[in-house]
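Descriptive structure summary
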Amino acid sequence: PPRTPSATGSCSWSAGTGRRGFQDWFIQFFQSVGLENAETEMKHRYEQALREGHTVLAVLTPSEERKDRAAQILKECGGRYINFFGRLNVERITR
């Protein structure tokens, strides 16, 4: 499946987690008691960027080479907080 790097430069994020069932409940529960994971931390960062008038951009990249090229282009264009969302991991490329 395609992979997605994203850069915050930002929009509005829905209150939902994007998950269903137990995963949604689990994430919502921990958010409600003030505990965060990497996913909710990124969600908050993107929400803040959108509030500040920035842009959040996602780029689908089908290969490692395309991921590297997309990250390079985003950096050259002033992208910040560039992350790679793999199937089972999140890689922080730059802050």
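Along each chain, residues carry numbers from 1 onward, in the same order as the chain's sequence is written. The predicted origin of the model limits local features to residues at a pLDDT of at least 70 and limits the giving and counting of side-chain atom pairs to 80 or more, whereas totals for whole chains, interfaces and linings rest on all residues. With hydrogens and water stripped out, all remaining heavy atoms of the structure feed into the side-chain values.

Topic: the overall build of the chain
Under the DSSP-based scheme used, a helix requires at least four consecutive residues in state H or I and a strand at least two consecutive residues in state E, with every element numbered from the N terminus. Within the chain one finds 3 helices and 4 strands. Seen in sequence order, the chain has helices and strands lined up from the N terminus as β-α-α-β-α-β-β. Across the 95 residues in the chain, those meeting the buried criterion constitute 26%. Per-residue accessibility, obtained with a 1.4 Å probe over protein chains only, is compared with the maximum for each type, and a residue is labelled buried under 20%, exposed over 50%, and partly exposed between these values.

Overview of the pairing of strand E4 (residues 90–94)
With 4 bridges connecting them, strand E3 (residues 80–85) and E4 associate as antiparallel partners. Across the sheet, Phe84 pairs through a bridge with Glu91, a residue of E4. Connecting the antiparallel pair E3 and E4 is a turn made up of 4 residues. By this definition, two strands are paired if DSSP reports at least two bridges between them.

Section: the confidence of the model for the chain
On average, residues of the chain score 75 in pLDDT, and 68% of them are at 70 or above. The secondary structure element of the chain with the lowest average pLDDT is strand E1 (residues 4–8), at 50, and the one with the highest is helix H3 (residues 64–76), at 93. Along the chain, pLDDT gives the predictor's confidence residue by residue, from 0 to 100. Contacts: residue pairs with any heavy atoms within 4.5 Å of one another. In this model, residues 8–14 is a region of pLDDT below 50 whose contacts with residues beyond four sequence positions or in other chains number 28 contacts.

With respect to H3
Multiply 1.5 Å by the residue count of a helix minus one, and that product is the helix's expected span. Between its terminal C-alpha atoms H3 stretches 18 Å, which fits the 18 Å expected from 13 residues at 1.5 Å a residue. Where H3 is concerned, the buried positions are Lys67, Ala70, Ala71 and Leu74. The arc enclosing the buried residues of H3, seen along the axis, measures out at 100 degrees, which places them on a common side. Turned more than 90 degrees from where H3 packs its buried face, Glu65 and Glu76 sit exposed. Note: the arc covers the axis-to-C-beta directions of the helix.

Focus: the environment of Ile93
If you trace the backbone, Ile93 turns up in strand E4. You can call Ile93 partly exposed: its relative accessible area is 25%. Spatially, the C-alpha atom of Ile93 lies 5.3 Å from that of Asn83, the residues being 10 residues apart in sequence. Those residues in contact with Ile93, other than ones at most four positions away along the chain, are Ala71, Lys75, Ile82, Asn83 and Phe84.

Topic: the environment of Ile82
In this structure, Ile82 sits in strand E3. Residues Ile82 and Ile93, spaced 11 residues apart in sequence, show a C-alpha to C-alpha distance of 5.4 Å.

Looking at the pattern of salt bridges
Salt bridges are identified by distance alone: a Lys or Arg side-chain nitrogen within 4 Å of an Asp or Glu carboxyl oxygen. Applying the stated criterion across every chain, the model contains 3 salt bridges. Note that Glu47 is salt-bridged to Arg51, the shortest N-O span being 3.9 Å. Of this pair, Glu47 and Arg51 both sit in helix H2 (residues 38–51), separated by 4 residues, roughly a single helical turn. Accessibility expressed as a relative area gives 14% for Glu47, which makes it buried. Relative accessible area serves as the criterion here: at 60%, Arg51 is assigned to the exposed category. The shortest N-O distance in the salt bridge between Glu64 and Lys67 comes to 3.0 Å. Pair noted here: Glu64 and Lys67 are both in helix H3, with a separation of 3 residues, about one helical turn. A relative accessible area of 38% places Glu64 in the partly exposed class. For Lys67, a relative accessible area of 4% gives the class buried. In this structure, a network of salt bridges that share partners links the residues Glu64, Lys67 and Glu91.

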